[in-house]
Amino acid sequence: MGYVDLHNHMLPGLDDGPSEISQSLELASGLARLGFELVCCTSHQRYGLFTPDLDLVRSGVRSLKKTFEVQGIDLDLLPGAENCYDELFWRRAHVNEIPCYGETKTFLVEFASPPVPPDFGVKLFEWRKQGYTIVLAHIERYGIDMKMLDRFRDLGQMAALSVNLDTIGGTWGRTYAKWAKRILSEGVVQVLTTDSHSASTLAATERGMTWVDKSMGRSALESFLVRNPREVLAGRLPDPVGG
Ligand SMILES: [Fe+2]
């Protein structure tokens, strides 16, 4: 089975991802070449910045899939959202309308700025009780601090924690690359994502995949990118990998 990307900004014209469909196709071809089989189109939902209509996200996925058929790009897509933990998110949460992946009860959430809010674990507990499965985006960005590792161990009991492959590959600089590798080595992460906005980060994404393969092993890479993302989409919370 191929890789699954739970975090991607491939849809054109909806957020800070591609502005032209040609750029989406370049990104899609590159991800298919790296071994991805399913990409979740998680356009930003960030109040006051990017709030694309959810019907537009769904129709964008349908339209891009048709273009893939014509162009011979072998990649499946699922609509989704990168929900920012902001007032729009809370308005939606209060009426049980958090944008999820496709028809699932799994959703992706990010913080606009660190740190992780003190009561986030309580919120996770409540959402789990309501039947949601949560993916926390790019945890490597929420503070380079060894104390965070214990926090991640706790949060990872209630959410799937993700790290971006291109951070490991150096897109955010050496310090973040080193921190991302440290987090992975501690065994607190369940899934790896690309968070691709364009083809420009594909080389760093590939470097990240190579590092995981060489340092943690092929079975770890496959847990991060094949088994665990599918588990999460099915509403099950997998164990962290490595450590
Ligand atoms: Fe993102």
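Coordinates for the structure precede this section.
Residues numbered from 1 in each chain as written. Predicted model: local features only at pLDDT ≥ 70, side-chain atom pairs only at ≥ 80, totals over all residues. Heavy atoms only, no water.

With that settled, consider the packing of helix α5 (residues 147–155) against helix α7 (residues 174–185). Viewed as axis vectors pointing N to C, α5 and α7 meet at an angle of 45°, and their least axial separation amounts to 11 Å. By the criterion of interaxial angle, the relationship of α5 to α7 is oblique. Of the two elements, α5 crosses α7, and the hand of that crossing is right-handed. Across from Met 148, Leu 149 and Phe 152 in α5, the residues of α7 making contact are Trp 179, Arg 182 and Ile 183. (Axes fitted to C-alpha atoms, helices over the stretch in contact; angles between N-to-C directions. Helix = DSSP H or I, 4+ residues; strand = E, 2+ residues; numbered from the N terminus. Parallel < 35°, antiparallel > 145°, perpendicular 65-115°, else oblique. Left-handed = near helix turned anticlockwise from the far one by under 90°. Contact = heavy atoms within 4.5 Å.)

A few words now on the coordination of the iron ion. Within the first shell, the iron ion binds the protein through His 7 (NE2), His 9 (NE2), Glu 82 (OE) and Asp 195 (OD), at distances of 2.0 to 2.2 Å. Taken together, the four donor atoms coordinating the iron ion and their angles of 82 to 170° define a geometry best described as irregular. Counting the intervening residues between successive donors of the iron ion yields the motif H-x1-H-x72-E-x112-D. Of this pair, His 9 sits in the loop between β1 (3–5) and α1 (21–33) while Asp 195 sits in the loop between β9 (191–193) and α8 (202–216), placing them 186 residues apart in sequence. Neither His 9 nor Asp 195 differs from the other in exposure class; each is buried. (Donors = N, O, S within 2.8 Å, 3.2 Å for Na, K, Ca; no water. Tetrahedral: all angles 85-135°; square planar, octahedral: opposite > 155°, others 65-115°. Buried < 20%, exposed > 50% of the residue type's maximum accessible area, 1.4 Å probe, protein only.)

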